[in-house]
Amino acid sequence: MKRRGREKKEGLNDVDVFVGQRLRELRMLAGLSQSDVAAALGLTFQQLQKYERGFNRVSSSRLFKLGQFFRVPVSVFFDGLESRPATADAEACVVRTADSDTTLGSREALMLARYFQSIPDPHVRAAILELAERCADQTAVGVAPVEQADELVQVGGAA
């Protein structure tokens, strides 16, 4: 049976996957849905989803519009591209990133960064940073982070 449309001759391009991941990070940091961004750019959310997953390549003019929309230079979409480890299989990179909760690209990490940026009080931000550091340190040595968090809440409660 003949398929309609253009046939893919090769797998996903790792640069397209990287740019898509950066697009997703920017969208999530802004607290916007795929539908919000797509509507602002005259796209369908499915098209934006394909961009974010690297299934479709983002054209230079669309990348320029995305930069304007998020108020960032176009270079932001490529920052870190050269320093990342080269992968032979971009599809494996997509799966690894989507399944990993330890990457900056995880939903929790992006939401945490977004909320942290919106805290106006520098003392509260410092207390949260200290809490995160202590929890990470204690988890590494096997102490329950909940005990450490309770201690910090009492110490930083005045903040």
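Provided above is the structure to which this section pertains.
Residues numbered from 1 in each chain as written. Predicted model: local features only at pLDDT ≥ 70, side-chain atom pairs only at ≥ 80, totals over all residues. Heavy atoms only, no water.

Asks: Explain the overall build of the protein chain here, please?
Replies: What the protein chain contains, in helices and strands, is eight helices and zero strands. Helices (α) and strands (β) of the protein chain occur, in sequence order from the N terminus, as α-α-α-α-α-α-α-α. Buried residues in the protein chain amount to 25% of all 159 residues. Long-range contacts, defined here as pairs at least 24 residues apart, represent 61% of the contacts in the protein chain between residues at least 6 apart. For the protein chain, the exposed surface amounts to about 11000 Å²; the carbon and sulfur share of it is 55%. (Helix = DSSP H or I, 4+ residues; strand = E, 2+ residues; numbered from the N terminus. Buried < 20%, exposed > 50% of the residue type's maximum accessible area, 1.4 Å probe, protein only. Contact = heavy atoms within 4.5 Å. Areas by Shrake-Rupley, 256 points an atom, 1.4 Å probe, with all protein chains shown as cover.)

Asks: Would you mind going over the packing of helix α1 (residues 14–29) against helix α3 (residues 45–53) with me for this structure?
Replies: Geometry of a packed helix pair, given as the angle between the helix axes and the separation of the axes. Closest axis-to-axis distance for the α1/α3 pair is 5 Å, and the angle between their directions is 120°. On the basis of the axis angle, α1 is oblique to α3. When α1 is examined against α3, the residues D16, V17, G20, Q21, L23, R24 and R27 are found in contact with a partner set consisting of L48, Y51, E52 and R53. Taken together, the residues that form the contact of α1 with α3 break down as four nonpolar, two polar and five charged. (Axes fitted to C-alpha atoms, helices over the stretch in contact; angles between N-to-C directions. Parallel < 35°, antiparallel > 145°, perpendicular 65-115°, else oblique. Nonpolar A, V, L, I, M, F, W, Y, C, P; charged D, E, K, R; others polar.)

Asks: In this structure, what is going on with unusual backbone geometry? I would like to understand it.
Replies: Where the residue is not glycine, phi is negative for most of them; where a peptide bond is considered, it is trans in most cases. With a phi close to 60°, R71 is a non-glycine residue in the positive phi region. Take R71: it is sitting in the loop between α4 (60–70) and α5 (90–99). Using a relative accessible area of 78% as the deciding quantity, one classes R71 as exposed.

Asks: Could you clarify how one ought to interpret the nonpolar core in this entry?
Replies: Soluble, globular proteins show a tendency: their nonpolar side chains are buried together. Within the largest apolar cluster, 15 residues are counted, with the highest numbers of intra-cluster contacts made by L23, L48, L66 and F77. When residues of this core are traced back to their parent elements, those giving at least two are α1, α2 (34–41), α3 and α4. Not counting the four nearest positions on each side in its chain, F77 is found in contact with F18, V19, R22, L23, L26, L63, L66, G67 and V72. (Core = buried A, V, L, I, M, F, W, Y, C linked by side-chain atoms within 4.5 Å.)

Asks: Where do I start with α2 in this structure?
Replies: Residue pairs three or four apart in sequence face the same way in an α-helix, which turns once every 3.6 residues. Among the residues of α2, those classed as buried are Q34, V37, A38 and L41. Axial view of α2: buried residues confined to an arc of 100°, hence all on one face. Along its buried surface, α2 packs onto α1, α3 and α4. (Arc of directions from axis to C-beta.)

Asks: Teacher, can you tell me more about the environment of V15 here?
Replies: Along the polypeptide, V15 turns up in helix α1. Sequence separation of V15 and F77 is 62 residues, and the distance between their C-alpha atoms is 9.9 Å.

Asks: Quick question: what am I supposed to make of α1 here?
Replies: Compared with an ideal rise of 1.5 Å per residue, which puts 16 residues at 22 Å, α1 spans 23 Å between its outermost C-alpha atoms and is within 8% of the ideal. At the C-terminal side of α1, G31 shows a positive phi close to 75°. (Expected span 1.5 Å × (residues − 1).)

Asks: I would appreciate a short explanation of the pattern of salt bridges in the present structure.
Replies: Side chains carrying opposite charge are able to pair once their charged atoms draw close together. For the coordinates displayed, the defined rule picks out four salt bridges. D16 is the partner of R57 in a salt bridge, and the nearest nitrogen-oxygen pair spans 3.0 Å. Here D16 lies in helix α1 and R57 lies in the loop between α3 and α4, a separation of 41 residues in the sequence. The partner of R22 in a salt bridge is E25, and the shortest N-O contact between them spans 3.8 Å. Taken as a pair, R22 and E25 lie in helix α1 at a separation of three residues, close to a single helical turn. By relative accessible area, E25 is classed as buried at 19%. (Salt bridge = Lys/Arg side-chain N within 4 Å of Asp/Glu carboxyl O.)

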